[in-house]
Structures are given as structure tokens and as C-alpha cells.
Amino acid sequence: MDVFVRWRPLVGAESSGDGVGHETVASPLSTLDAVTVQRTHLDKPWKSTFAFSGVLFGATSNASAYSAIVQPAVPHAVVTAGARASFFAYGHSGSGKTHTVIGYEDDDQEQDDSGPGLCLTAAEQLFHNIDAINNARGGMEEPPLAVALSVFELRHKDAFDLLNDGTQCHIREGPDGRVHVRGATETLPDGRVRVQPLSRLACSTVDDLRAALRQALSRRAVGTSSVHDQSSRTHAVIELEVVNAALTSARAALIDRQSELVPVGKRAADVTIAEQARGVFKDEDGVYQPVPGYVADQALLDAVGAEKAAFEARVAAAEAAVDEAYARYDGGDGRPCVGGKMVFVDLAGAEYQQENKRILAGLAQTPAERREARQINTDLLALKEVMRAWATRQPYVPYRSSPLTMVLREAFADDDVRVRRRECSASMVVTVSPAEEQYLATLNSLKYGSLMGTAK
């Protein structure tokens with residue numbers, strides 16, 4: 001677990017003051033750094049442990065942040081089947097998380113010279129790498145590589161698909177133990193039941209991906225809080241995955257086979273229950289007794305059982321086809337590699353209202369803000385415990401502690417047999433403000449990051 005600190009510069013009216021004093025101390029025994037902060041020269045300074053892989057200062061551009069935090073993981077995602085790299089931006093409201101992850105490129109927002117955020121820069125490098133692979137293999141039969149984009153947000157305890165007009169989704173754990181984010185259930189005319197999966201948009205160029213990401217993020221919920229007038233009140237999750245037509249088609253076929261199984265399985269269950277019900281009756285004492293001489297229609301039971309088994313076999317074959325797509329395009333023998341995924345999580349702004357009562361006098365939170373803040377802080381606490389347990393190789397990782405950690409379970413690959421832990425990495429950038437009025441929130445963010453950085 002690599003943890004970085006990024007100080008944002010003083011802006012607006014903050015520039016009139018000196019801000020919070022802070023310095024970086026390098027460890028004499030490792031490559032890690034410690035951070036010292038001090039509100040005024042009269043206050044006792046607080047010093048973190050040697051926990052941070054790097055400290056970025058206010059003048060650092062997004063491009064430099066990307067080089068330090070993300071760039072080393074991108075080639076691995078292209079050449080290693082199923083490799084996963086996750087990046088989390090943590091910090092209090094107004095500390096620069098969204099600027100770091102996404103950047104401000106929109107025409108409606110003030111331009112700056114920091115460059116695009118970590119996510120878009122990673123997409124550009126991914127496309128650069130896969131374009132080279134596609135061009136080198138232009139005369140061969142393998143389908144070209146593309147980058148699939150998924151964007152959703154977690155608000156309260158629900159997920160919303162931002163690529164699909166913010167459609168509300170459900171967070172479900174399947175019988176295989178894997179967690180899925182799924183949309184509405186649609187009943188088709190022939191009785192099939194299709195569960196809409198989370199949208200994945202395969203993009204062939206970085207311009208297509210950039211346009212889709214901008215449109216998706218425009219649907220993200222923001223609100224005015226007591227700390228920041230345009231605070232992100234949700235956790236935004238952006239996934240970039242290297243795919244090709246073979247993998248995409250195999251996944252679509254699996255969804256179709258699963259939808260075909262639903263009415264067949266329901267019919268088998270209904271017939272079985274009906275036959276069992278005919279074989280018993282309730283006596284005068286209310287106790288169920290077998291019907292004398294009743295013989296179940298075994299031929300009917302066998303028929304519906306065989307039909308169900310046949311459709312289950314179709315589902316199993318479709319699952320095997322997905323696995324075969326991963327296995328065929330695993331980078332071996334010069335073949336292209338699919339399944340590598342990069343996940344960027346712009347966490348909702350952490351707020352420390354109780355500790356900032358003196359500073360925020362007269363800016364009392366509304367009941368809705370308090371409920372929202374409680375859920376956000378619950379999610380962030382759960383994430384800390386999950387990441388610490390995962391980083392220290394604990395036998396039990398408490399993924400079920402919150403919707404956020406359930407959804408991000410796949411990012412750590414503990415429940416996917418195709419991915420081994422050594423193929424996964426996770427990093428966090430703690431964004432903090434040097435503004436004096438945000439000192440306590442900054443201190444809490446640094447404490448959170450210090451705990452994460454010491455989980456080795």
C-alpha cells in the first residue's frame with residue numbers, strides 16, 4: 001500500500017495568510033517520508049510516522065502527480081492478464097480530490113495549467129500502449145484491443161450508473177461470493193428475466209473515452225455543505241479495463257444464457273413444489289401427513305429437471321467461454337492481453353464537524369447533511385479497516401462493513417480465481433489543504449493516511 005500526500009496551494013482569500021506550517025522529513029532507514037504540521041509557531045507540532053511514499057506540494061502539476069503515483073502501474077495492466085491497480089483519493093471537502101483524480105478540463109469550469117487528472121492521463125497512456133500493440137498486429141486475426149469504461153457513484157447505500165443516466169443499481173452478492181452492481185430487472189416477452197448489468201462502454205480512442213467520462217461525471221451528485229460550496233457528496237468509481245471483442249461478446253452471451261435460465265428454473269421449482277404439495281394434507285390437529293397411496297408424477301419431475309439441467313449447462317458453457325477469452329488473450333506467445341483493470345475512486349469529502357465547531361460557528365449542518373456525513377464517515381472507516389487487513393494479509397477482510405467496501409471487493413481480487421494477489425496493487429493519495437481554517441480537517445486526513453501507510 002503506497003500512500004502519498006498532496007498539498008493543494010492556497011487559493012482566493014486564503015492567500016492573504018501564511019497558512020499551516022508543514023514540512024517533510026525523510027526516513028534515514030527507508031524511502032518513506034513523515035509529515036510535520038504546525039498551526040502556529042506557538043503550537044506543538046504534530047509529526048506522522050514514516051508512512052508516506054511521497055509528498056507533493058502545491059506547485060506540483062497533475063502530470064507530476066501522475067508520474068509518481070500511477071504511471072508505474074499502467075504497463076503492468078496491459079501485459080498481465082487480470083492485473084488490477086486501484087487508486088483512492090482521500091481528503092476533506094475542498095482539499096482537491098476531484099482535481100487530482102479527474103482534473104478541470106470542462107469548458108464550464110475554470111481552466112488551469114495543471115493538466116488532466118490521474119484517470120484521464122492513465123487512459124491516454126493505456127491507449128498509447130494498446131495502439132502500439134494493435135498496429136504491430138494489424139495483419140493478424142486477433143480482435144483489436146480497446147478500453148472499456150464504467151462509471152458509477154455510491155450515494156448513501158445505493159449505487160447509480162452514471163453511464164446510463166444515473167440509473168439506480170443494486171449491490172448484490174452472488175452465490176459464488178462475488179459482489180455485483182446490477183441495474184433494474186427486465187421481464188422480456190418470452191418470460192426471460194434480464195438483469196441489466198453495470199454499463200461498460202468499449203472505447204476505441206481516448207477522445208471517445210474522454211467525452212463519455214465527462215458526460216457521466218456531469219450526472220454526479222454534488223451539494224453545498226457547511227465546509228465547501230461544491231462538495232462531492234458521493235464516492236465516484238471509474239474503471240478502465242483492457243478488453244477486445246472476444247471478451248465483450250463472451251460476457252454478453254453469458255448474460256443472455258443467465259436470463260434464459262430464469263424462467264426454466266422457475267418452472268422446475270413450481271412443478272416440484274406443486275407435486276410435493278399434492279402428496280401431503282393437513283389433519284385435524286394442523287399437522288401435515290402424507291396422502292395415502294399418492295405417487296408423484298416422476299416423469300414430469302424428470303422432464304423439468306432435465307430441462308433445467310440443460311439450461312444450467314448452457315450457462316456453464318458461457319462462463320467457460322469468458323474464462324477461455326481470458327486464457328486465450330493472456331499475453332502469452334505474443335498474444336494481446338485482456339482483463340487488466342485500473343480503478344480510480346474519488347471518495348466523498350470527509351468532514352469533521354464536531355472538531356471544527358469553533359471554526360464553523362454559525363454554519364450548523366442540516367439534518368440531511370448530518371445523515372450524509374455519518375454515512376460517508378462510516379464508509380471511510382470501513383475502507384480503512386479493509387485496506388489495512390488486505391495490506392497486512394489478514395485471513396479475514398471485512399468487506400461487508402459498508403456498501404463502498406462491498407463494491408470495491410473485486411479491486412482487491414480476493415474472490416476472483418483468475419487474479420492472484422500479487423497481480424493487484426492499491427495506492428492512496430491524501431489531499432490536504434494548508435489553509436489555517438482547515439487545520440483540524442487536514443490533521444485528521446494526515447492521521448488517516450499515516451495509518452494506511454504503516455499497513456505493510
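Note that residues are indexed from 1 along each chain, following the sequence as it is written. At least 70 in pLDDT is required for a residue's local features to be given in this predicted model, at least 80 for side-chain atom pairs to be given and counted, and no such filter applies to totals for whole chains, interfaces and linings, which use all residues. Only hydrogens and water are removed before side-chain values are computed, so all heavy atoms of the structure are retained for them.

Participant: Can you help me understand the overall build of the protein in this one?
Facilitator: Scanning the protein from N- to C-terminus turns up 11 helices and 19 strands. The protein chains shown are the only cover counted for residues, whose accessible areas, like all others here, come from Shrake-Rupley with a 1.4 Å probe. For the protein, the exposed area adds up to about 21700 Å²; of that, 53% sits on carbon and sulfur atoms. The way it works is that DSSP assigns letters per residue, a run of H or I at least four long becomes a helix, a run of E at least two long becomes a strand, and they are numbered from the N terminus.

Participant: I tried to follow the UniProt feature "binding site: ATP" (unreviewed entry) in the protein on my own but got confused; where do I start?
Facilitator: Mapped onto the present numbering, the UniProt feature "binding site: ATP" (unreviewed entry) falls at Gly 91, His 92, Ser 93, Gly 94, Ser 95, Gly 96, Lys 97 and Thr 98. Residue contacts are counted whenever heavy atoms from the two residues lie within 4.5 Å of one another. Setting aside residues no more than four positions away along its own chain, Ser 95 makes contact with Arg 8, Thr 431, Val 432 and Ser 433. In terms of polar contacts, Ser 95 uses its side chain to reach the backbone carbonyl oxygen of His 92, at 2.7 Å. As for its position among the elements, Thr 98 is in helix H3 (residues 97–101). UniProt positions are given in the numbering used here, feature names are shortened, and annotations may be inferred rather than shown by experiment. Under the rule applied, a polar contact is a pair of N or O atoms within 3.5 Å (in protein, one hydrogen donor and one hydrogen acceptor; residues adjacent in sequence only if both atoms are side-chain atoms).

Participant: Looking at this structure, I do not really get the packing of aromatic side chains. What am I missing?
Facilitator: Aromatic ring pairs are reported here in terms of the distance separating the ring centres and the angle at which the planes meet. Two rings belonging to Phe, Tyr or Trp (six-membered ring only in the last case) form a pair when the distance between their centres is within 6.5 Å. Interplanar angles under 30 degrees mark stacking, angles over 60 mark edge-to-face geometry, and anything in between is tilted. Counted by the stated rule, this structure contains two aromatic pairs. A centroid spacing of 5.2 Å and a plane angle of 20 degrees characterise the contact between Phe 87 and Phe 344, whose relative ring orientation is stacked. On the criterion of sequence distance, the pair formed by Phe 87 in strand S6 (residues 84–90) and Phe 344 in strand S18 (residues 341–346) is long-range, its members being 257 residues apart. Accessible area is worked out with a 1.4 Å probe on protein chains only. A residue is then buried under 20% of its type maximum, exposed over 50%, and partly exposed in between. Residue classification places Phe 87 among the buried residues on the basis of a relative accessible area of 5%. Between Tyr 90 and Tyr 448, the ring centres sit 3.9 Å apart and the planes meet at 10 degrees, which makes this aromatic pair stacked. Here Tyr 90, found in strand S6, pairs with Tyr 448, found in helix H11 (residues 439–453); they are 358 residues apart in sequence, far enough to count as distant.

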